[in-house]
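# Structure assessment
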Amino acid sequence: MNPTALFKDTFTGPGSLARIVGAGMLVATVAAQHPHPAFDRVRSRDLFSFVPNWKFFAPNPATHDFHYVYRTLDHAGGTSEWSEIDMIEPRRMYQAFWFATRRPEKSVFDLCTAILQQATKSGATEVQKTSSYRVLAEFIRKTVRERRGAEHVKGFQFAVVRAAGHDTSEDPEPLFISPYTPMRPAGPHLTPA
């Protein structure tokens, strides 16, 4: 077949509209992925979000890790050193296909994000009334109970620290420090004293 006739058939023959729309979508999708702001024009005119974006599942991708540390208060009034809860599991090849064991890590990360957003809006005192805070405090409480010597612990305090992961040029930054939280909640709703 003649190349000119093939080219003409592509744009005028049966199914040409689908091919043109498909080619246009492919070009628009590739252009929309470019980080330069000039390429955002394609997405700005896309009223119905037909053009996919590589950030579809993570519009604000995480660039830091949260680390959770706690210290305990014993009945004699002594405070322990800060201890880190190791949440991040070393990655393995099979986890590219199935990574169900990451769900607790992701859940705590999401709780922490909600707490930090609420603390920014309404302050540390109000954030203690949220369900996210109570769930995270209960997670820390459970962790403290599972360690050796937990029977001597009267309460605990926890902190959320942001770190850049493998980038050691950036110092860890404390984002949230809880008040003293008793091991036995004050009421049925786990409200800290």
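Because the structure is predicted, anything quoted here is derived from the model rather than measured. (Residues numbered from 1 in each chain as written. Predicted model: local features only at pLDDT ≥ 70, side-chain atom pairs only at ≥ 80, totals over all residues. Heavy atoms only, no water.)

## Points about the overall build of the protein chain
Scanning the protein chain for helices and strands turns up six helices and five strands. Going from the N terminus to the C terminus, the protein chain shows its helices and strands as α-α-α-β-β-α-α-α-β-β-β. Across the 193 residues that make up the protein chain, the buried fraction comes to 26%. Within the protein chain, residue pairs in contact and separated by at least 24 positions form 51% of the contacts whose partners lie at least 6 positions apart. (Helix = DSSP H or I, 4+ residues; strand = E, 2+ residues; numbered from the N terminus. Buried < 20%, exposed > 50% of the residue type's maximum accessible area, 1.4 Å probe, protein only. Contact = heavy atoms within 4.5 Å.)

## What to know about the pairing of strand β1 (residues 65-74)
Note: β1 against strand β3 (residues 153-163), ten bridges, orientation antiparallel. Considered in β3, the bridge of Asp-74 is made with Val-153. Relative to strand β2 (residues 83-85), β1 is paired through three bridges, and the arrangement is antiparallel. Within the sheet, the bridge partner assigned to Tyr-68 lies in β2 and is Ile-85. (Pairing = 2+ DSSP bridges.)

## Quick look at the nonpolar core
Tyr-68, Tyr-133, Ile-140, Val-144, Phe-158 and Phe-176 are the most contacted members of the largest nonpolar core, which totals 22 residues. Going through the elements one at a time, β1, α4 (103-122), α6 (131-146) and β3 are the ones with two or more residues in this core. (Core = buried A, V, L, I, M, F, W, Y, C linked by side-chain atoms within 4.5 Å.)

## Considering the pattern of salt bridges
Under the counting rule described, the total for this entry stands at six salt bridges. Close ionic contact of Glu-138 with Arg-141 constitutes a salt bridge, the shortest N to O distance being 2.6 Å. Here Glu-138 pairs with Arg-141, and both are found in helix α6, just three residues apart, close to one helical turn. Note that Arg-162 and Glu-173 form a salt bridge whose closest N and O atoms lie 2.6 Å from each other. Placement of Arg-162 in strand β3 and of Glu-173 in strand β4 (residues 173-177) is noted, with a sequence separation of eleven residues between them. Judged by its relative accessible area of 27%, Arg-162 falls in the partly exposed class. (Salt bridge = Lys/Arg side-chain N within 4 Å of Asp/Glu carboxyl O.)

## Notes on the packing of α4 against α6
Running from N to C, α4 and α6 cross one another at 135 degrees; their axes reach a closest spacing of 9 Å. The orientation of α4 relative to α6 falls into the category oblique. The element α4 and its partner α6 pack so that their crossing is left-handed. For the pair α4 and α6, contact is made by Val-108, Leu-111, Ala-114 and Ile-115 and by Ser-132, Tyr-133, Val-135, Leu-136 and Phe-139, respectively. Among the residues making up the contact of α4 with α6, the classes are represented as eight nonpolar, one polar and no charged. (Axes fitted to C-alpha atoms, helices over the stretch in contact; angles between N-to-C directions. Parallel < 35°, antiparallel > 145°, perpendicular 65-115°, else oblique. Left-handed = near helix turned anticlockwise from the far one by under 90°. Nonpolar A, V, L, I, M, F, W, Y, C, P; charged D, E, K, R; others polar.)

## Thoughts on α6
Look at α6: 23 Å from first C-alpha to last across 16 residues, which is about the 22 Å you get at 1.5 Å a residue. Residues of α6 that are buried include every one of Ser-132, Tyr-133, Leu-136, Ala-137, Ile-140, Arg-141, Thr-143 and Val-144, and no others. (Expected span 1.5 Å × (residues − 1).)

## Here we look at the packing of helix α1 (residues 3-12) against helix α2 (residues 16-32)
Interaxial distance between α1 and α2 falls to 6 Å at its minimum, and their mutual angle equals 90 degrees. The angle between α1 and α2 places the two elements in the roughly perpendicular class. Touching Asp-9, Thr-10, Phe-11 and Thr-12 of α1 are Ser-16, Arg-19 and Ile-20, all from α2. Its residues assigned to classes, the contact of α1 with α2 comprises two nonpolar, three polar and two charged.

## Details of the side chain of Ser-132
Along the polypeptide, Ser-132 turns up in helix α6. Not counting the four nearest positions on each side in its chain, Ser-132 is found in contact with Leu-111, Ala-114 and Ile-115.

## A few points about the environment of Gln-157
Tracing the sequence through the fold places Gln-157 in strand β3. Taking the C-alpha atoms as reference points, Gln-157 and Ile-140, 17 residues apart in sequence, are found 8.9 Å from one another. Of note is the side chain of Gln-157, whose polar atom sits 2.8 Å from the side chain of Arg-71. A distance of 2.9 Å separates the side chain of Gln-157 from the backbone oxygen of Ser-178, its partner in a polar contact. (Polar contact = N/O pair within 3.5 Å; in protein donor to acceptor, adjacent residues only side chain to side chain.)

The quantities given are spatial measurements derived from coordinates; they are silent on function.
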